[in-house]
Amino acid sequence: MNTCGFIDAAVEESLGAIGEALAKNGKVVVTGCLGAKRDFIRKIHPSVLAVTGPHDTPAVMDAVHAHLPRPHDPLVDLIPNTGIKLTPKHYAYLKIAEGCNHRCSFCIIPSMRGDLVSRPIGEVMQEAENLVKAGVKELLVISQDTSAYGVDLKYRTGFFRGKPLKTRMNELCAELGQLGIWIRLHYVYPYPHVDDVIPLMARGKILPYLDVPFQHASPRILKLMKRPASSEKVLQRLRDWRKICPEITVRSTFIVGFPGETEAEFSDLLSFLKEAQLDRVGCFAYSPVEGAAANDLPGALPEEVKLERRARFMGLQEKISLRKLKMKIGKKMKVLVDEPGIGRSMADAPEIDGVVRFKGGRAGEFADVLIDRADQHDLFGRLQ
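If you're wondering where the values come from, they're calculated on a predicted model, not measured in any experiment.

**Concerning the overall build of the protein chain**
Along its length, the protein chain carries 11 helices and 18 strands. Partitioning the contacts of the protein chain with sequence separation of at least 6, the portion at a separation of at least 24 is 69%. A total of about 19400 Å² of accessible surface is found on the protein chain, and carbon and sulfur atoms cover 57% of it.

Shown next as structure tokens:
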């Protein structure tokens, strides 16, 4: 039976209804807002079969089927609880929202997918738990704007296994951190509350890895991109994050050759890169996308200029990356083996970052590797 737990009169009415249902058939599953007060309900009605919070259909159905076996359904029974996923068994992507509230001039995602729509936190956590039970050892949290999770719902309180949770990135990260696997954050726009997630990384609850798409460093270009940001503030944030969690890996992406970008503004971007010392970086030469507002901006650059700037940018980043990776030589690192001879450390997301190379290992298992060599992108070592 469904209940309400926010108004005193409704609480009394719900408790009375539970008693009536128990007297009538003796088998009652309690759900709804009052379900958050599990101990309170069981103290008054100890014979209820189960108590769950609202919007927790899986928990309700689990309780029902524990006492009433579910009939066989040949259309769905072959589909696992995790759904159908295309990644290897040991890692999976966890999408927490769809759409985006930003209107970046180079992007057409909002026109295709609309504004941000966050998934209920209970639904997200249930999917995460199902994936862990199926053997997943790493979850990659994704959306178009991960740090905006819940803003469309005004951070509404949801429930997972009867526990109230606000629909907000920080609370989601803390709860995911209880699953005992690797949790990696992607597409994190640097809102102020992101700072509160860094201590979770320092305590080992989620991976010390943050994917933040900075896109540029020039204030004028950022304004043209419609991305409010300041390179000075970004640099201070990076210093603060590294002070709290020295082992943090920061990944980012940038666009060079944006319409109107001058040589001086590109030089500012290179200076920012030198100062920021980012661990992982991707760079795109600007390319017009049909329907993007940036296509109408003056000052389109020749293709050869865009490609030359991208080459210079990546050349500088390769030097930074090589220096940082060489600092790991002689250290023993925990890696998740993707296939024999290739694994990833906490600093490596699949398909977009470097890897750790060695002989041996079994796919889907963790291994310790002693690092003895590095190049601009990858580490090389021996299984321990």
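The discussion continues.
**A short note on the pairing of strand 10 (residues 182–185)**
Burial along strand 10 is two-sided: the residues Trp182 and Arg184 and Ile183 and Leu185 are all buried. Across four bridges, strand 7 (residues 138–142) lies against strand 10 in parallel orientation. Across the sheet, residue Val141 finds its bridge partner in strand 10, namely Leu185.

**Side note on the sheet that holds strand 15 (residues 342–344)**
Pairing is mixed in the closed barrel, where five strands are placed in the order 14-15-16-18-17. Examined bridge by bridge, strand 16 (residues 356–357) and strand 18 (residues 379–383) share two bridges and lie parallel to one another. Note on strand 18: the bridge partner recorded for Arg357 is Phe380.

**Regarding the confidence of the model for the protein chain**
On average, residues of the protein chain score 88 in pLDDT, and 90% of them are at 70 or above. When mean pLDDT is compared element by element in the protein chain, strand 10 scores highest at 97, while strand 1 (residues 2–3) scores lowest at 53. Throughout residues 5–9 the model reports pLDDT below 50, and contacts reaching past four residues in sequence, or to other chains, amount to five contacts.

**Looking at the packing of helix 10 (residues 263–276) against helix 11 (residues 303–326)**
A pair of packed helices can be characterised by two numbers: the angle between their axes and the separation between those axes. Relative to each other, helix 10 and helix 11 sit at 15°, their axes nearing to 10 Å. Our classification of the angle between helix 10 and helix 11 gives roughly parallel. Considering the relative orientation of helix 10 and helix 11, their crossing is right-handed. Each of Glu263, Phe266, Leu269, Leu270, Leu273 and Lys274 in helix 10 lies in contact with helix 11, whose residues at this interface are Arg309, Arg312, Phe313, Leu316, Gln317 and Ile320.

**What to know about helix 6 (residues 169–176)**
Along helix 6, six of the eight residues are buried, which leaves the element largely enclosed by surrounding structure. Taken together, the buried positions of helix 6 are Met169, Asn170, Leu172, Cys173, Glu175 and Leu176.

**Some thoughts on unusual backbone geometry**
In the Ramachandran plot, Arg161 falls in the positive-phi region, its phi being about 55° despite a non-glycine side chain. In this structure, Arg161 sits in the loop between strand 8 (157–160) and strand 9 (163–166). With a phi angle near 55°, Tyr187 is a residue other than glycine that sits in the positive phi range.

**Remarks on the packing of aromatic side chains**
Scanning the model with the defined rule gives eight aromatic pairs in all. Taking the centre distance of 6.3 Å and the plane angle of 85° together, the rings of Tyr91 and Tyr93 count as edge-to-face. Residue classification places Tyr91 among the buried positions, given a relative accessible area of 6%. Between Phe258 and Tyr286 the ring centres are 5.2 Å apart and the planes differ by 70°, which places this aromatic pair in the edge-to-face class. Taken as a pair, Phe258 in the loop between strand 12 (249–256) and helix 10 and Tyr286 in the loop between strand 13 (280–285) and helix 11 lie far apart in primary sequence, 28 residues in all. Like Phe258, the residue Tyr286 is buried in the burial classification. Counting every residue linked through ring pairs, the aromatic cluster contains Phe214, Phe254, Phe272 and Phe313. Sitting over the face of the ring of Tyr209, Arg184 holds its NZ or CZ atom 4.5 Å from the ring centroid. The ring of Phe380 has Arg373 sitting right over it, with the charged end atom 3.9 Å from the ring centre.

**Let's talk about the side chain of His45**
Its place among the elements puts His45 in the loop between helix 2 (38–44) and strand 3 (50–51). A relative accessible area of 14% places His45 in the buried class. Apart from residues lying up to four places away in sequence, His45 is in contact with Leu15, Ile18, Gly19 and Leu22.

Reading the values: rules and limits
- Residues numbered from 1 in each chain as written.
- Predicted model: local features only at pLDDT ≥ 70, side-chain atom pairs only at ≥ 80, totals over all residues.
- Heavy atoms only, no water.
- Helix = DSSP H or I, 4+ residues; strand = E, 2+ residues; numbered from the N terminus.
- Contact = heavy atoms within 4.5 Å.
- Areas by Shrake-Rupley, 256 points an atom, 1.4 Å probe, with all protein chains shown as cover.
- Buried < 20%, exposed > 50% of the residue type's maximum accessible area, 1.4 Å probe, protein only.
- Pairing = 2+ DSSP bridges.
- pLDDT = per-residue confidence, 0-100.
- Axes fitted to C-alpha atoms, helices over the stretch in contact; angles between N-to-C directions.
- Parallel < 35°, antiparallel > 145°, perpendicular 65-115°, else oblique.
- Left-handed = near helix turned anticlockwise from the far one by under 90°.
- Phe/Tyr/Trp six-rings, centres within 6.5 Å; stacked < 30°, edge-to-face > 60°.
- Lys NZ or Arg CZ within 6 Å of the ring centre and 35° of its normal.

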